[in-house]
Amino acid sequence: MTDDLTAIELDHYYPHPPEKVWRAITTPELMGRWMMEPIGFEPVAGNVFEMKTQPMPGQQFSGQIRGTVLEAVAPERLSVSWDDAQAAAPTGWVVTWTLRPEGRGTRMLFSHTGFDPDNAVMQRSRSIMGSGWAAMLDRLAVIAEAA
């Protein structure tokens, strides 16, 4: 993770072609195996979806994500808004997966942006989510193999 307090930025290499990695990050059944099970997700700009996971009351997180697909360009880029569905106001977070062919595989540049550097709760969330995203992207390698 970078030292940029406004973002989580990760760089992963997968020994699979971009099409396989794209399927793993955009197919609801496969997403549920490495991330969270989406409800109503389609990789189409404007699509609104939800995801559910374990609540974290200490972090003021309900465990329910609401997002909107901002951009979906197969097999290159997926960008979504990412908010706590129960929060009083949107966080302004944006999660983006950028896929680039590299050799026989794919380089994924991942970013989760919009963290307020002056907000202690957002900075704790950034820290927790940084390690969480890293673990999920590691699991994605296994799912992409089968995609």
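Colleague: Is there a simple way to think about the overall build of the protein chain in this case?
Modeller: On a plain count of helices and strands, the protein chain comes out with three helices and eight strands. Its helices and strands in sequence order give the protein chain the pattern β-α-α-β-β-β-β-β-β-β-α, from N to C terminus. Since a compact globule built from 147 residues should have a radius of gyration of about 15 Å, the 15 Å found for the protein chain is in line with a globular shape. Each principal axis of the C-alpha atoms in the protein chain carries an extent, and together these give about 40 × 35 × 25 Å. Within the span of the protein chain, comprising 147 residues, buried residues form 42% of the whole. The long-range share in the protein chain, meaning contacts at least 24 apart out of those at least 6 apart in sequence, stands at 48%. When the 12 positive and 18 negative side-chain charges of the protein chain are each reduced to one mean point, those points stand 5 Å apart.

Colleague: Can you walk me through the layout of surface pockets in this structure?
Modeller: Rolling a probe over the atoms, with the probe sized like a water molecule, indicates the empty space that remains. Estimated volume of the largest pocket: approximately 620 Å³. Every residue lining the largest pocket is counted, 26 residues in all, and those nearest its centre are Met56, Phe61, Trp93, Ser125 and Met129. If you list the elements that add at least two residues to the lining of the largest pocket, you get strand E6 (83-84) and helix H3 (120-146). A breakdown of the residues in the lining of the largest pocket according to their chemical character gives 16 nonpolar, eight polar and two charged.

Colleague: Looking at this structure, I do not really get the environment of serine 79. What am I missing?
Modeller: Residue placement: serine 79 occurs in strand E5 (residues 77-81). Once the C-alpha coordinates of serine 79 and threonine 68 are considered, the two residues, eleven residues apart in sequence, prove to be 8.6 Å apart. Apart from the residues lying within four places of it in its own chain, the contact partners of serine 79 are Thr68, Val69, Leu70, Glu71, Val94, Val95 and Thr96. Separated by 3.0 Å, the side chains of serine 79 and threonine 96 make a polar contact.

Colleague: How do you make sense of the nonpolar core when you look at a structure like this?
Modeller: Generally speaking, nonpolar side chains in soluble globular proteins are found buried as a group. If you look at the biggest cluster of nonpolar residues, it comprises 36 residues, and the most contacted ones within it are Trp34, Met35, Trp82, Trp97, Met108 and Trp133. It is H3 that provides the largest number of residues to this core, a total of eight residues. When near neighbours in sequence (up to four residues on either side) are disregarded, methionine 35 contacts Met51, Trp82, Trp97, Trp133 and Met136.

Colleague: Before we go on, may I ask you to explain unusual backbone geometry in this structure?
Modeller: Here the amide bond leading from alanine 74 into proline 75 is cis, since omega sits at -15°, within 30 degrees of zero. By the secondary structure assignment, proline 75 is in the loop between strand E4 (64-73) and E5.

Colleague: What should I look at first to understand empty space enclosed by the protein in this one?
Modeller: Taken as a whole and judged by the stated rule, the model has one cavity of 30 Å³ or more. Estimated volume of the largest cavity: approximately 30 Å³. Lining the largest cavity, in full, are Ile25, Met31, Met35, Phe41, Phe49, Met51, Leu78, Val80, Trp82 and Trp97. At the level of elements, strand E3 (48-52) and E5 are the ones that each hand at least two residues to the lining of the largest cavity. When its residues are assigned to classes, the lining of the largest cavity shows ten nonpolar, no polar and no charged.

Colleague: Looking at this model, I keep getting lost on the environment of leucine 109. Mind explaining?
Modeller: Positionally, leucine 109 belongs in strand E8 (residues 105-113). The partly exposed category is assigned to leucine 109, whose relative accessible area is 28%. Expressed as a C-alpha distance, the spacing of leucine 109 and leucine 78, which sit 31 residues apart in the sequence, is 11 Å. The contact partners of leucine 109, leaving out residues within four places of it in the chain, are Leu10, Asp11, Thr96, Trp97, Thr98 and Arg100.

About the criteria used
- Each chain has its residues counted from 1, following the order in which its sequence is written.
- Totals for whole chains, interfaces and linings use every residue, but because this is a predicted model, local features are given only for residues with pLDDT of at least 70 and side-chain atom pairs only at 80 or more, for both listing and counting.
- Water and hydrogen atoms were dropped before computing side-chain values, which therefore reflect all heavy atoms in the structure.
- Secondary structure elements follow DSSP: runs of H or I of four or more residues count as helices, runs of E of two or more count as strands, with numbering from the N terminus.
- As a reference, a globule follows 2.2 Å times the number of residues to the power 0.38, and the radius of gyration itself is taken over C-alpha atoms.
- Classification of residues uses two cut-offs on accessible area relative to the type maximum, computed with a 1.4 Å probe and protein chains only: under 20% is buried, over 50% is exposed, and between them is partly exposed.
- Whether two residues are in contact is decided by their heavy atoms, any of which lying within 4.5 Å being enough.
- Two residue types count as positive, namely Lys and Arg, and two as negative, namely Asp and Glu; His and chain ends fall outside the count.
- We put the charge of a Lys on NZ, of an Arg on CZ, of an Asp on CG and of a Glu on CD.
- In the cavity and pocket records, a cavity denotes points on a 1 Å grid over the protein atoms alone where a 1.4 Å probe fits but cannot get out, a pocket denotes an open set with protein on both sides within 12 Å along at least 5 of 7 lines, and lining residues are residues with an atom within 4 Å of a point.
- Grid points are joined across faces, edges and corners, and a volume is the space filled by probe spheres set on the points.
- Just so you know the grouping, Ala, Val, Leu, Ile, Met, Phe, Trp, Tyr, Cys and Pro go in nonpolar, Asp, Glu, Lys and Arg go in charged, and all remaining residues, Gly too, go in polar.
- Contacts described as polar in this section are N or O atom pairs within 3.5 Å, which, within protein, must combine one atom able to donate a hydrogen with one able to accept it, while residues neighboring in sequence count only if both atoms come from side chains.
- Only buried residues count toward a nonpolar core, which is a set of Ala, Val, Leu, Ile, Met, Phe, Trp, Tyr and Cys residues joined through side-chain atoms within 4.5 Å.

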